[in-house]
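Secondary and tertiary structure notes
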Amino acid sequence: AQTVTQSQPEMSVQEAETVTLSCTYDTSENNYYLFWYKQPPSRQMILVIRQEAYKQQNATENRFSVNFQKAAKSFSLKISDSQLGDTAMYFCAFSPTYNTDKLIFGTGTRLQVFP
Amino acid sequence: SAVISQKPSRDICQRGTSLTIQCQVDSQVTMMFWYRQQPGQSLTLIATANQGSEATYESGFVIDKFPISRPNLTFSTLTVSNLSPEDSSIYLCSVEGSLDRPREQYFGPGTRLTVT
């Protein structure tokens, strides 16, 4: 079975600092997609960043970047220059390329950014 | 990205009744998804809804409990039937993004259901 594991239920970081959220996944497939979603307290889920497994280059979106280690099945999210608005639940998600369009979500990491 | 709205945003329902949740998208999409998010938990896929065909349900979810309609390419409904307190959750719909951004999903704001 394909699973996504987020081992950090809660994290905290001071404003302007950098924080890294961990995610590991289990799959036997070679091609797939990985995502990080953010869910602020207002609950609207927002896509933060995506990574295609066939791309070796790590994805970057402004202050957000990933460290994708395919062999280790690891997909961590680094938030640089943390802002108060980054306070949210962060979900790692996996989608296989074949046979299904669904997303498999991890259990989430609650990130609190302190002033 | 698509703009998705859901109605109602929240509701309180009595045990044994049903609630129908609407999901409207501002553009035509092939696939729509319905998720359940129990309090403090992650998202669990209930079913995938394609226009013109029966919804595909995930293990643990059945059509009698969660009937879904998908009458056109911009609209879907999820009904949660015979409500019990265990159905208290946030229900979210999502749609898949454009062809050049495969597997990306965009989410509606959710419907918070409380069953008393």
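First things first, this report covers the structure right here in the doc. Just so you know, these numbers come straight off a predicted model, no measurement behind them.

For chain B, the count of helices and strands is zero helices and 11 strands. Along the chain direction, N to C, the helices and strands of chain B fall in the order β-β-β-β-β-β-β-β-β-β-β. Taking 13 Å as the expected radius of gyration for a compact globule of 116 residues, we find that chain B reaches 13 Å, a close match to that expectation. In terms of principal-axis extent, the alpha carbons of chain B reach across some 45 × 25 × 25 Å. With 116 residues in all, chain B has 52% of them scored as buried. Across chain B, every contact between residues at least 6 apart in sequence was considered, and the portion connecting residues at least 24 apart equals 53%. Carbon and sulfur atoms provide 48% of the accessible area of chain B, an area that totals close to 5,500 Å².

What follows is about the interface of chain B and chain A. Contact residues are listed per partner, giving 25 residues for chain B and 21 residues for chain A. Across the interface of chain B and chain A, roughly 1,900 Å² is buried in total on both sides, 48% from carbon and sulfur atoms. At the boundary of chain B with chain A, the tally comes to two salt bridges. A salt bridge links Glu104(B) to Arg50(A); the nearest nitrogen and oxygen atoms lie 3.0 Å apart.

This paragraph deals with the pattern of salt bridges. In the structure shown here, the tally under the stated rule is seven salt bridges over all chains. Between Arg50(A) and Glu52(A) there is a salt bridge whose closest N-O contact spans 3.0 Å. You can call Arg50(A) buried: its relative accessible area is 7%. Through salt bridges with shared partners, a single ionic network connects Arg50(A), Glu52(A), Lys55(A) and Glu104(B).

The next point concerns the sheet that holds strand β3 (residues 19-25) of chain B. Residues and elements named next belong to chain B. Pairing within the open sheet is antiparallel, and its four strands lie in the order β1-β3-β8-β7. Only two strands of the sheet have a single neighbouring strand rather than two, namely β1 (4-7) and β7 (68-72). Neighbour-to-neighbour, the strand axes of the sheet open up by a mean angle of 15°, direction not taken into account. As paired strands, β3 and strand β8 (residues 75-80) are joined by six bridges and run antiparallel to one another. Bridge assignment links Gln22 to a residue of β8, and that residue is Thr77.

Below, the discussion takes up the environment of Val48(A). All names here are of chain A. Along the polypeptide, Val48 turns up in strand β6 (residues 46-52). Spatially, the C-alpha atoms of Val48 and Leu77 are 9.6 Å apart, while their sequence positions differ by 29 residues. Among all residues touching Val48, those that are not within four sequence positions of it are Trp36, Tyr37, Lys38, Glu61, Phe64, Leu77 and Tyr90.

In terms of burial, β6(A) is a largely internal element, five of the seven residues being buried. Hairpin geometry of strand β5 (residues 32-39) of chain A and β6(A) is characterised by an intervening segment of six residues between the two adjacent antiparallel strands and by a positive phi of about 80° at Arg43(A).

The next thing to look at is the nonpolar core. Ranked by size, the top nonpolar core spans 27 residues in total, and within it Ile46(B) and Leu78(B) carry the most contacts. Contributions of two or more residues to this core are made by β3, β4 (31-37), β5 (43-50), β8, β9 (89-96) and β11 (111-115) of chain B. Top element by residues in this core is β3(B). It accounts for four residues. Aside from chain neighbours lying at most four places away, what touches Ile46(B) is Trp34(B), Tyr35(B), Arg36(B), Thr56(B), Tyr57(B), Glu58(B), Phe61(B), Phe66(B), Leu78(B) and Tyr91(B). In this structure, Leu77(A), Ala88(A), Tyr90(A) and Cys92(A) belong to the second largest nonpolar core, which totals 26 residues.

Calculation notes
- Residues numbered from 1 in each chain as written.
- Chains lettered and ligands numbered in written order.
- Predicted model: local features only at pLDDT ≥ 70, side-chain atom pairs only at ≥ 80, totals over all residues.
- Heavy atoms only, no water.
- Helix = DSSP H or I, 4+ residues; strand = E, 2+ residues; numbered from the N terminus.
- Rg over C-alpha atoms; globule rule 2.2 N^0.38 Å.
- Buried < 20%, exposed > 50% of the residue type's maximum accessible area, 1.4 Å probe, protein only.
- Contact = heavy atoms within 4.5 Å.
- Areas by Shrake-Rupley, 256 points an atom, 1.4 Å probe, with all protein chains shown as cover.
- Buried area = accessible area lost by both parts, 1.4 Å probe.
- Salt bridge = Lys/Arg side-chain N within 4 Å of Asp/Glu carboxyl O.
- Pairing = 2+ DSSP bridges.
- Axes fitted to C-alpha atoms, helices over the stretch in contact; angles between N-to-C directions.
- Core = buried A, V, L, I, M, F, W, Y, C linked by side-chain atoms within 4.5 Å.

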